[in-house]
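# Survey of secondary and tertiary structure
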Amino acid sequence: MTGTRTLLALALRRDRVLLPAWIIVFVVVAASSAASVVALYPTGASVAATALAVNGTPSLLALYGPIYDPTSVGALAIWKPAGSGAALLAVLTGFTVIRHTRTEEEVGRLELLGSTGLGRGVPLAVAGLVGVGTALVVGVLSAVALAASGLPVAGSLAFGAAWAGCGVVFAGVGAVAAQLTRSARTARGLTVAALLVAFLLRAAGDASGPAWLTWLSPLGWAQLVRAYAGERWWLLSLPLASALVLGVLADRLDASRDLGTGILVERPGPATGPDLRSPLALAWRLQRGPFAAWTAGFVLVAALLGSLTPTVAGLLDNPALQDVIRQLGGRQALTDAVVATDLGVLGLLAAGFAVASVLRLHGEEEAGRAEAVLSGPVGRIRWAGGHVLVAAAGSALLMAVAGAAVGVADGARSGRPWAGVPRFVGAALVQVPAVWVLAAVALALVGFAPRAAPAVWVLLAGAVLVAELGPLLRLRQWVLDLSPFTHVPHLPGGAFSVVPLVWLTAVAAGLTVAGLAALRRRDLA
Amino acid sequence: MTPAIVVSGLVKSFGRIRALDGLDLEVATGEVHGFLGPNGSGKTTTLRILLGLLRADAGTVRLLDGDPWRDAVTLHRRLAYVPGEVALWPNLTGGEVIDLLGRLRGGLHPRRRTELLDRFDLDPTQRCRSYSRGNRQKVALVAALASEVDLLLLDEPTAGLDPLMEEEFRRCIGQHRRAGRTVVLSSHILSEVEALCDRVSIISAGRTVESGTLAGLRHLTRTEVVAELAGDAPDLSVLPGVHGVEVTGHHIRCDVDAGALDGLVRALADAGITSLVSRPPTLEELFLRHYARPAPPAAVP
């Protein structure tokens, strides 16, 4: 294990801004959510009403899981952050491990390091240490922050441990994924796919049963620890054991393969490329794989959420539930309100696709591949336009598919699968202008400040926070208004107004034009 | 015929670093032009300005009778570029990339594509991420050489190729020259430039320090003469333009300015020559002379 310490120092040096920034975000979200719930629900009775309402709404159970103790303020405080935070932490640790293993290997830096007196398996071990360490620091600091905001210490520790446990498992998932493929991008895709499976298992287990499905999911384990609701400490052995298994597996795979290769062998491809006729065709060729994966994920999640809506109708007479739903943003019929909430979540995810898709431009430029295209008779607008079109049309298509899947799953319960489809598709498409605004911000950054372009992820994370926790945290209206998604009409069921859609689209168009103009004027990297 | 490239007084700064500092370059249509300079002297920056990827801060640039920034798209239909560091899409195959780049440039010669793949011994079914540096370079070269273009801009195109492939590359450039196409070849591989180029421009620290035909540049330096004489060596130090005379018995060695060769040979002939070797200066020597900055001494590229 020679060189572990040096390599660990290098990894921490490289991540000295990124990881602390993310850790602070997690801790602040946990603490502020707890503080606002403690202030909002002074009595046990109001907690109980909310908890009963949540536990009776399958769609909320699917998205966020149950509240295990209807008398515990802490259980309510962590209800929303627990699930979504665990998923985000999983992405953070998984991607961190991949960044320090497969990415390094793909760009060839690991070859240089490996030629020095570095023990075999050390780079993987160091990446694992960084990933696990991140999860642990987030867990410890969050526990401290929650306890400091007045919640019981034991529950706070359990919550921190549950988050950390999920992060540690996905550090292991990332480590294994990094061994399987030659490309870091595919490894990240595999990690997200594993996370999606974990989410679907937990959502199905919590919302519609059988309940044991939840027990198969690392995201489920994070809940089943039951922080603030009679902690089950022994359950932490599940994430620990699986992380250990994944770590050993990754190490075995790492030792069994050659540098630069993956366990999954690549087949030779076509000797000619007759369909690559234009920059648009190239953009589509580069993005069709990811787009197919996104579509599949959207269909699965939307169908699951859609299949859970009708049962809401039976709870119409529960006033506490209506209160919660109203707080979540809906106004009219509960079914519609739940679907509107679901579509809001999917809209944020679609923005993730659109932003990633636009940032391909940045990646192509940084890697020097833009040069290869632009040294041909291709204007910059045409080059950029290919990726922008994939982002814009792709995200709209994702939302349409999601709306259709929700509609079919919802309608299937009443035996008329196609009846509600147009209405739900329409409601889903309402999110698209807000998605485009974020994509256009990404493009404007690529045009004006290419080095700062990845910062658009921070803006997307901000939009997620505003949408998920904004009402709960009682953020001021102008803060909420900063997110384009705040202005989207709540459909289906809400009042439809075309005005915000028009000006959101106008903002997106304006930013796109400005970004493209700036891209045309500036020097290429 | 207007020159293919006319650059004068070109200036480009990146922040406080002045990459190009009044560079001049003229490339005639139909010639193979060597663009020489040490690392970091501004070769790639110049090429990227010629491609309209960077915008010049000052100076004039004409490429194929157009403005490389404003008319980039139309000009690029008539040229092909091979970058020094070839970056390709890791999940596309070499064949796909060749077709893509060729089609973007307005079409490939299908027969020449097959022939070049064969000549460069390149497997087009491999994904680009599995190619070595040399093979990535071959992909870009095949795409460029199989295109129907007037101008080839090549940035250190053989840096990753093995000697056999380098030979193949030289043959290809020879064919292009015979077909009347213009080639700009940035390089610091001197033997390559000597073998291929009609004219060269040598740049250093963002300025052109020398430009002309190889023959013309050789006038600037001294030829080395080594002779074995029948009789005693004459006193050569009195001859104008003869330097560094070394005499060991009948063996003589000296450097002579281009214009003074005639006088030297006459003087040697009077003493009776049994063997005479005269060696013209290599580009290596030209290079060393131009890059040898007073202080600190320049690294030999």
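Residues numbered from 1 in each chain as written. Chains lettered and ligands numbered in written order. Predicted model: local features only at pLDDT ≥ 70, side-chain atom pairs only at ≥ 80, totals over all residues. Heavy atoms only, no water.

Next up on the list: the overall build of chain A. Helices and strands together make up the secondary structure of chain A, namely 24 helices and 0 strands. Projected onto its principal axes, the C-alpha positions of chain A cover 65 × 55 × 45 Å. A total of 525 residues make up chain A; the buried ones form 54% of that total. For chain A, the exposed surface amounts to about 21,400 Å²; the carbon and sulfur share of it is 70%. Of the side chains in chain A, 36 bear a positive and 25 a negative charge, and the two mean positions are spaced by 3 Å. (Helix = DSSP H or I, 4+ residues; strand = E, 2+ residues; numbered from the N terminus. Buried < 20%, exposed > 50% of the residue type's maximum accessible area, 1.4 Å probe, protein only. Areas by Shrake-Rupley, 256 points an atom, 1.4 Å probe, with all protein chains shown as cover. Lys, Arg positive; Asp, Glu negative; His and termini not counted. Charge placed at Lys NZ, Arg CZ, Asp CG, Glu CD.)

A few words now on the confidence of the model for chain B. Parts of the model with low pLDDT should not have their predicted coordinates read in detail. Here chain B averages 87 in pLDDT, while 94% of its residues score no lower than 70. Ignoring residues within four places in sequence, the model shows residues 294–301 of chain B, a span with pLDDT below 50, making 6 contacts including any to other chains. (pLDDT = per-residue confidence, 0-100. Contact = heavy atoms within 4.5 Å.)

Residues and elements named next belong to chain B. With the rule as written, the count across this model stands at 37 salt bridges over all chains. With its nearest N and O atoms 4.0 Å apart, the salt bridge here joins Arg 111 to Glu 115. With a gap of 4 residues between them, Arg 111 and Glu 115 both fall in helix 4 (residues 110–119), about one helical turn apart. Among the residues examined, Glu 115 registers a relative accessible area of 31% and is labelled partly exposed. In this structure, the salt-bridge partner of Arg 119 is Glu 168, at a minimum N-O distance of 2.7 Å. Here Arg 119, found in helix 4, pairs with Glu 168, found in helix 6 (residues 163–178); they are 49 residues apart in sequence, far enough to count as distant. Across the pair, Glu 168 and Arg 119 agree in class, each one buried. Each of Arg 111, Glu 115, Arg 119, Glu 168 and Arg 171 takes part in salt bridges that share partners, so that together they form one network. (Salt bridge = Lys/Arg side-chain N within 4 Å of Asp/Glu carboxyl O.)

Here we come to the sheet that holds strand 1 (residues 5–14) of chain B. Residues and elements named next belong to chain B. Spatially, the 3 strands line up as an open sheet ordered 2-1-4, and their pairing is antiparallel. At either end of the open sheet lies a strand with only one pairing partner, and these are strand 2 (17–27) and strand 4 (58–63). Strand-to-strand twist in this sheet, taken as the mean axis angle between neighbours without regard to direction, amounts to 25 degrees. (Pairing = 2+ DSSP bridges. Axes fitted to C-alpha atoms, helices over the stretch in contact; angles between N-to-C directions.)

Of note, the bond from A:Leu491 into A:Pro492 is cis; its omega dihedral lies within 30 degrees of zero at 0 degrees. Tracing the sequence through the fold places A:Pro492 in the loop between helix 23 (477–481) and helix 24 (498–521). Residue B:Asp65 is not a glycine yet carries a positive backbone phi of 65 degrees. For B:Asp65, the position within the fold is in the loop between strand 4 and helix 2 (72–76).

The relation between two aromatic rings is expressed through the spacing of the ring centres and the mutual angle of the planes. Residues and elements named next belong to chain A. Taken as a whole and judged by the stated rule, the model has 8 aromatic pairs over all chains. With centroids separated by 5.6 Å and ring planes inclined at 55 degrees, the aromatic side chains of Phe 291 and Phe 353 adopt a geometry described as tilted. Taken together, the positions of Phe 291 in helix 15 (residues 279–307) and Phe 353 in helix 17 (residues 334–366) put the pair 62 residues apart, joining distant regions of the chain. Residue Phe 291 shares its accessibility class with Phe 353, and that shared class is buried. On the basis of an interplanar angle of 45 degrees and a centroid distance of 6.3 Å, the ring pair of Trp 294 and Phe 298 is categorised as tilted. (Phe/Tyr/Trp six-rings, centres within 6.5 Å; stacked < 30°, edge-to-face > 60°.)

With that out of the way, let us pick up the sheet that holds strand 12 (residues 251–256) of chain B. Residue and element names in this part refer to chain B. The strand order 11-12-10-13 describes an open sheet built from 4 strands, whose pairing is antiparallel. Where the open sheet ends on each side, the last strands, each with one partner, are strand 11 (242–248) and strand 13 (273–279). Taking each pair of neighbouring strands and ignoring which way they run, the sheet shows an average axis angle of 15 degrees. In this structure, strand 10 (residues 223–229) lies alongside strand 13, joined through 6 bridges in antiparallel fashion.

A few words on the nonpolar core. Core analysis: the biggest nonpolar cluster contains 215 residues, and B:Ile5 and B:Leu153 have the highest contact counts within it. Sorting elements by how many residues they give to this core places helix 17 of chain A first, with 13 residues. Non-local contacts of B:Ile5, meaning those with residues more than four positions away in its chain, are made with B:Leu25, B:Glu26, B:Val27, B:Leu50, B:Arg62, B:Leu63, B:Leu151, B:Leu153 and B:Val184. With 13 residues, the next largest nonpolar core counts B:Val225, B:Leu229, B:Ile252 and B:Ala260 among its residues. (Core = buried A, V, L, I, M, F, W, Y, C linked by side-chain atoms within 4.5 Å.)

Residue and element names in this part refer to chain A. Counted by the stated rule, this structure contains 4 cavities of 30 Å³ or more. In this structure, the largest cavity occupies an estimated 170 Å³ of space. Lining the largest cavity are 18 residues, and of these Tyr 68, Ile 78, Ala 82, Ala 222 and Gln 223 lie nearest its centre. When contributions to the lining of the largest cavity are tallied by element, the ones reaching two or more residues are helix 6 (79–100), helix 10 (153–180) and helix 13 (218–224). (1 Å grid on protein atoms, 1.4 Å probe; cavity = no way out; pocket = protein on both sides within 12 Å on 5 of 7 lines; lining within 4 Å. Points joined across faces, edges and corners; volume = space filled by probe spheres on them.)

Another point: the domain arrangement of chain A. Residues and elements named next belong to chain A. Entries for chain A in the domain assignment read domain 1 (1–36 + 77–263) and domain 2 (276–525). For domain 1 versus domain 2, the distance between C-alpha centres works out to 26 Å. Listed per partner, the contact involves 14 residues of domain 1 and 13 residues of domain 2. With both chains or domains summed, domain 1 and domain 2 bury close to 1,200 Å², and 79% of this area falls on carbon and sulfur atoms. In terms of surface lost to domain 2, no three residues of domain 1 exceed Lys 80, Arg 185 and Leu 200, which account for 35% of the buried area on that side. For the interface between domain 1 and domain 2, the tally reads 0 salt bridges. At the junction of domain 1 and domain 2, the tally comes to 1 residue pair in polar contact (both at pLDDT 80 or more). (Domains from an automatic or database assignment. Buried area = accessible area lost by both parts, 1.4 Å probe. Polar contact = N/O pair within 3.5 Å; in protein donor to acceptor, adjacent residues only side chain to side chain.)

Right, let's get into the domain arrangement of chain B. By domain assignment, chain B separates into domain 1 (5–217) and domain 2 (222–280). Computed from C-alpha coordinates alone, the two centres of domain 1 of chain B and domain 2 of chain B are separated by 43 Å.

All names here are of chain B. Buried within helix 4 are the following residues: Arg 112, Arg 113, Leu 116, Leu 117 and Arg 119. For helix 4, the angular spread of the buried residues around the axis is 165 degrees, confining them to a single face. Along helix 4, exposed side chains directed more than 90 degrees from the buried face belong to Pro 110, Arg 111, Thr 114 and Asp 118. Against the buried residues of helix 4 lie helix 3 (94–104), helix 5 (133–145) and helix 6. Directly after helix 4, the chain includes Asp 121, whose backbone phi takes a positive value near 55 degrees. (Arc of directions from axis to C-beta.)

Another point: the interface of chain B and chain A. The partner chain A presents 39 residues to the 35 residues of chain B that form the contact. For the pairing of chain B and chain A, the buried interface totals around 3,300 Å² over both sides, and the portion due to carbon and sulfur atoms is 54%. When the buried surface of chain B facing chain A is broken down by residue, B:Trp89, B:Leu104 and B:Arg129 rank first, second and third, together holding 21% of it. At the boundary of chain B and chain A, one finds 4 salt bridges. Among the ionic pairs, B:Glu96 bridges to A:Arg285, the shortest N-O distance being 3.1 Å. Counting the contacts that link chain B with chain A gives 20 residue pairs in polar contact (both at pLDDT 80 or more). In terms of residue count, helix 3 of chain B provides more of the side of chain B that touches chain A than any other element does, 7 residues in total. When the residues that make up the side of chain B that touches chain A are grouped by side-chain class, the tally is 17 nonpolar, 7 polar and 11 charged. (Nonpolar A, V, L, I, M, F, W, Y, C, P; charged D, E, K, R; others polar.)

Now for the side chain of B:Ser187. When you line up the elements, B:Ser187 lands in strand 7 (residues 182–187). Setting aside its immediate chain neighbours within four residues, B:Ser187 contacts B:Phe35, B:Leu36, B:Gly37, B:Lys43, B:Glu156, B:Glu192 and B:Val193.

Any two packed helices are characterised by how steeply their axes cross, that is the angle between the axes, and by the distance between the axes. Residue and element names in this part refer to chain A. At a minimum axis separation of 7 Å, helix 19 (residues 380–413) and helix 20 (residues 421–429) run at an interaxial angle of 145 degrees. In terms of crossing hand, the pair formed by helix 19 and helix 20 is right-handed. Listed contacts from helix 20 to Ala 396, Met 399, Ala 400, Gly 403, Ala 404, Val 406, Gly 407, Val 408 and Asp 410 of helix 19 are Val 421, Phe 424, Val 425, Ala 428 and Leu 429. Of the residues belonging to the contact of helix 19 with helix 20, the class tally is 11 nonpolar, 2 polar and 1 charged. (Left-handed = near helix turned anticlockwise from the far one by under 90°.)

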